[in-house]
Amino acid sequence: QVQLVESGGGLVQAGESLRLSCAFSGSIFRGHIMGWYRQAPGKQRVMVAQITPGDNTLYGDSVKGRFTISRDSAKSVLYLQMNRLKLEDTAVYYCNIYQRGVDSWGQGTQVTVSS
């Protein structure tokens, strides 16, 4: 069983930066993929960034060049550094791990970007 707990969301102004954290625990197996997803009001959840155990990364087109996903394995924390935030980045952000055909999700953290 995997548990994910997110933190770091909040209200920021456009152009500012924010870093989200996701503390993970439980059994993490080889071959897993960890990532960040977001869901804006009235829209479906979309992938923001993914990272593999080998540190290969993948970003959604809308955040590429602005967001960076990283992991501190020693502290069991997944990060999402968000720079140059835009109004359209407003969403609930979710931490995710996919392994053995199962998705595990964090509780979500709200990020609101104001003008």
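This text follows the structure it describes.
Residues numbered from 1 in each chain as written. Predicted model: local features only at pLDDT ≥ 70, side-chain atom pairs only at ≥ 80, totals over all residues. Heavy atoms only, no water.

A. Structural context of the state of the cysteines. Considering all chains together, one arrives at one disulfide under this definition. Here Cys22 is linked by a disulfide to Cys95, with a sulfur-sulfur distance of 2.1 Å. With the S-S bond torsion at -80°, the cross-link from Cys22 to Cys95 turns out left-handed. Note that Cys22 is positioned in strand β3 (residues 18-26) and Cys95 in strand β9 (residues 91-99), a separation of 73 residues in sequence. Taken individually, Cys22 and Cys95 each receive the classification buried, so the pair is uniform in this respect. (Disulfide = S-S within 2.5 Å. Helix = DSSP H or I, 4+ residues; strand = E, 2+ residues; numbered from the N terminus. Buried < 20%, exposed > 50% of the residue type's maximum accessible area, 1.4 Å probe, protein only.)

B. Just the nonpolar core, in detail. With 25 residues, the main nonpolar core has Trp36, Leu80, Met82 and Tyr93 as its most contacted residues. Only β3, β4 (33-39), β5 (46-51), β7 (67-72), β8 (77-82), β9 and β11 (109-114) provide two or more residues apiece to this core. (Core = buried A, V, L, I, M, F, W, Y, C linked by side-chain atoms within 4.5 Å.)

C. Unusual backbone geometry, seen in detail. The phi dihedral of Asp55 falls on the positive side, at around 70°, and the residue is not glycine. Of note in the backbone geometry, Arg84 takes a positive phi value of approximately 50° without being a glycine. When you line up the elements, Arg84 lands in the loop between β8 and β9.

D. Local environment of the packing of aromatic side chains. Summed over all chains, the structure comprises two aromatic pairs. Between Tyr37 and Trp105 the ring centres are 5.1 Å apart and the planes differ by 75°, which places this aromatic pair in the edge-to-face class. Taken together, the residues Tyr37 in strand β4 and Trp105 in strand β10 (residues 102-105) connect sequence positions 68 residues apart. A residue is classified by how much of its surface remains accessible, and Tyr37, at 16% relative accessible area, is buried. By relative accessible area, which is 34% here, Trp105 ends up partly exposed. Each residue in the set Tyr37, Tyr94 and Trp105 is aromatic and connected to the rest through ring pairs, giving one cluster. Against the face of Tyr94 rests Arg45, its NZ or CZ located 3.8 Å from the ring centre. (Phe/Tyr/Trp six-rings, centres within 6.5 Å; stacked < 30°, edge-to-face > 60°. Lys NZ or Arg CZ within 6 Å of the ring centre and 35° of its normal.)

E. The sheet that holds strand β1 (residues 2-7), seen in detail. The strand order across the open sheet formed by four strands is β1-β3-β8-β7, and the pairing between neighbours is antiparallel. Lying at the two open borders of the sheet, with one neighbouring strand each, are β1 and β7. Averaged over all neighbouring strand pairs, the angle between strand axes comes to 20°, with direction disregarded. In the sheet, β1 pairs with β3 via six bridges, with the strands oriented antiparallel. The partner of Gln3 across the bridge, within β3, is Ser25. (Pairing = 2+ DSSP bridges. Axes fitted to C-alpha atoms, helices over the stretch in contact; angles between N-to-C directions.)

F. Expanded view of the pattern of salt bridges. One pass over the structure, following the stated rule, counts four salt bridges. One salt bridge in this structure joins Asp89 and Arg38, with 2.9 Å as the shortest N-O distance. Of this pair, Asp89 sits in the loop between β8 and β9 while Arg38 sits in strand β4, and the two are 51 residues apart along the sequence. With a relative accessible area of 0%, Asp89 lands in the buried category. One salt bridge connects Asp72 with Lys75, and the closest N-O pair in it is separated by 3.9 Å. For Asp72, a relative accessible area of 24% gives the class partly exposed. Three or more residues are tied together by salt bridges with common partners; here these are Arg38, Arg66 and Asp89. (Salt bridge = Lys/Arg side-chain N within 4 Å of Asp/Glu carboxyl O.)

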